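# Structure assessment
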Amino acid sequence: MSWTEEEDKAAKHNQPTVNTNSEPQQQDIDAKNEIWTLLEKTLLENIAEKKRARRWKIFFRFTTLAIFVGILAAWFTRGELSDMQIQGDTVAIIPMQGVIGAEADIESSEMVSLLDSAYGSNQLKGVIIEMNSPGGSPVHSGIIYDAIRNKQAVYPDIPILVVVEDMAASGGYYIASAATEIYANQASLVGSIGVISAGFEASELLDKIGIERRVFTAGRNKAFLDPFTPMTAEASEKWQSVLNETHQQFINAVKAGRKDRLTITDDVFSGMIFTGTQAEKIGLIDGLASLNQLLETRFPNARPILFEPKEEPLKELAKELGVEFAVKALNQFQWQ
């Protein structure tokens, strides 16, 4: 062991030994304590901030949910509220736009239901159908035609008017001919009173490319519309008779609807299509007018009420609000 001069002097005066390194060590300890205190404070503040952020996040989610539910409730009840607020004379407007057929733009079950809804009001003064259709199924066209004629028979004092926009052709005109009156623009396309069945003959194509077709049927005419099988004379005659009968049904419906207003010419039932001006001359329509003109002249004191097919509520709401907004709103409800 060693003995320093300072220790010797301290021993002589009964003084403790002085450690010259004690002050820096104490500073290190104080610095470490200060760092730990700062870290602890920072962590506590971070935890508190996360708690506040979580509370606000939950608050905004529930607020968004409440607003969304409120919009849905208003959407589902708007029809009932609008019916309750309707006062005075009304005129029903029913749009029929697009192709006619099952699950198509114009479906007979939907249109008949809209007609029934329109006539549910005791203050109904008229019905206006906005027609814009190239045609489609003769079956669905016939069902809607019969429904319109039935309403006219039951409610003879309530006129049903058709306003043609771009087109009322084939099945579109089939339906229109049932109305009390038909109006169109001078450039509208009207008519096409005919029936068509289109296909192609490609029976020799398979022979040229070396393919043998195998078709099994029960009934000699079961595959008569197969484009890779030559059509027999019997099948052709039978199918033509079907088209002719359907065409005659169309002709009879137009004659019954238009009565003596119709001028029968060589081409009126030939499938030809006419402009609004030409159609007026031969009695396919009653005049040239737009929807707004009819509302002003025929129903000046009636309130127009729109009757249109309703989609599934959520789909319709998404379309109304915009797809992007709907997606963002739905994403808010994916709880993490």
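Everything that follows concerns the structure shown earlier in this document.
In this report, the structure presented in the accompanying data block is examined. (Residues numbered from 1 in each chain as written. Predicted model: local features only at pLDDT ≥ 70, side-chain atom pairs only at ≥ 80, totals over all residues. Heavy atoms only, no water.)

Of all the positions in helix H9 (residues 291-298), only Leu291, Leu294 and Leu295 are classed as buried. Within H9, the buried residues cover an arc of 100° as seen down the axis, which keeps them to one side. Residues of H9 that are exposed and point more than 90 degrees away from the buried face comprise Asn292, Glu296 and Thr297. The inward-facing, buried residues of H9 abut strand E1 (90-97), strand E2 (124-133), strand E3 (160-169), strand E4 (181-184) and strand E8 (303-306). (Buried < 20%, exposed > 50% of the residue type's maximum accessible area, 1.4 Å probe, protein only. Helix = DSSP H or I, 4+ residues; strand = E, 2+ residues; numbered from the N terminus. Arc of directions from axis to C-beta. Contact = heavy atoms within 4.5 Å.)

The subject of this paragraph is the nonpolar core. A general feature of soluble globular proteins is that nonpolar side chains tend to end up buried together. Core analysis: the biggest nonpolar cluster contains 47 residues, and Met96 and Leu284 have the highest contact counts within it. Of all the secondary structure elements, the ones that give two or more residues to this core are E1, helix H3 (108-118), E2, helix H4 (138-154), E3, helix H5 (171-176), E4 and helix H7 (233-258). Contact partners of Met96, with chain neighbours within four places excluded, come to Ile106, Met111, Ile129, Glu130, Met131, Asn132, Ile144 and Ile175. Ranked by size, the runner-up nonpolar core spans 12 residues in total, among them Leu161, Ala289, Leu295 and Phe299. (Core = buried A, V, L, I, M, F, W, Y, C linked by side-chain atoms within 4.5 Å.)

Take the packing of aromatic side chains next. Each aromatic ring pair is specified by the distance between its two centres and by the angle formed by the two planes. Overall, the coordinates contain three aromatic pairs when judged by the stated rule. Where Tyr174 meets Phe250, the ring centres are 4.9 Å apart and the plane angle is 15°; that geometry is what we call stacked. Here Tyr174, found in helix H5, pairs with Phe250, found in helix H7; they are 76 residues apart in sequence, far enough to count as distant. Given the relative accessible area of 12%, Tyr174 is considered buried. By relative accessible area, which is 4% here, Phe250 ends up buried. Chaining the aromatic ring pairs together yields one cluster made of Tyr145, Tyr174 and Phe250. (Phe/Tyr/Trp six-rings, centres within 6.5 Å; stacked < 30°, edge-to-face > 60°.)

Next up on the list: the pattern of salt bridges. This model, assessed by the stated rule, comprises five salt bridges. With a closest N to O distance of 2.8 Å, Lys151 and Asp116 form a salt bridge. Highlighted residues: Lys151 in helix H4 and Asp116 in helix H3, separated in sequence by 35 residues. On the basis of relative accessibility, which here comes to 12%, the residue Lys151 falls in the buried class. Judged by relative accessible area, which is 40%, Asp116 ranks as partly exposed. Put simply, Arg298 and Glu181 hold a salt bridge, and the shortest N to O gap is 2.8 Å. (Salt bridge = Lys/Arg side-chain N within 4 Å of Asp/Glu carboxyl O.)

With that settled, consider the side chain of Ser133. Mapping Ser133 onto the fold places it in strand E2. Judged by its relative accessible area of 0%, Ser133 falls in the buried class. Within polar-contact distance, the side chain of Ser133 engages the backbone nitrogen of Gly135 at 3.1 Å. Excluding anything up to four places from it in sequence, Ser133 contacts Gly98, Ile100, Ile106, Met167, Ala168, Ala169 and Gly172. (Polar contact = N/O pair within 3.5 Å; in protein donor to acceptor, adjacent residues only side chain to side chain.)

An α-helical turn contains 3.6 residues, so a residue and the one three or four places further along point in the same direction. Helix length check: H7, at 26 residues, gives a terminal C-alpha distance of 37 Å against a target of 38 Å (1.5 Å per residue), a fit within 8%. Residues of H7 that are buried include every one of Ala235, Leu243, Thr246, Phe250, Ile251, Ala253, Val254, Gly257 and Arg258, and no others. Buried residues belonging to H7 abut H4, H5 and E4. (Expected span 1.5 Å × (residues − 1).)

Okay, unusual backbone geometry next. Positioned with a positive phi, Ser192 is a non-glycine residue whose angle comes to about 55°. Among the secondary structure elements, Ser192 is positioned in the loop between strand E5 (189-191) and helix H6 (203-209). Unusually for a residue other than glycine, Lys259 sits at a positive phi of about 55°. For Lys259, the position within the fold is in the loop between H7 and strand E6 (273-275).

Its place among the elements puts Ser141 in helix H4. What makes Ser141 buried here is its relative accessible area of 0%. Once residues within four sequence positions are removed from consideration, Ser141 is found in contact with Ile100, Gly171, Tyr174 and Ile175.

Bringing the pairing of E2 into the picture now. Burial within E2 is extensive, with eight of its 10 residues counted as buried. Here eight bridges tie E1 to E2, and the two strands are oriented parallel to one another. Looking across to E2, one finds that Gln97 is bridged to Asn132. In this region the chain leaves E1, passes through H3 and returns to the parallel neighbour E2; the handedness of that crossover is right-handed. (Pairing = 2+ DSSP bridges. Right-handed = clockwise from strand over helix to strand, strands pointing away.)

Moving on to the packing of H3 against H4. Contact pair H3 / H4: the axes reach a minimum separation of 9 Å and the direction vectors enclose 15°. Classified by the interaxial angle, the pair formed by H3 and H4 is roughly parallel. The handedness of the crossing between H3 and H4 is right-handed. Residue-level inspection shows Ser108, Met111, Val112, Leu115 and Asp116 of H3 in contact with H4, the latter providing His140, Ile143, Ile144, Ala147, Ile148 and Lys151. Classifying every residue of the contact of H3 with H4 gives seven nonpolar, two polar and two charged. (Axes fitted to C-alpha atoms, helices over the stretch in contact; angles between N-to-C directions. Parallel < 35°, antiparallel > 145°, perpendicular 65-115°, else oblique. Left-handed = near helix turned anticlockwise from the far one by under 90°. Nonpolar A, V, L, I, M, F, W, Y, C, P; charged D, E, K, R; others polar.)

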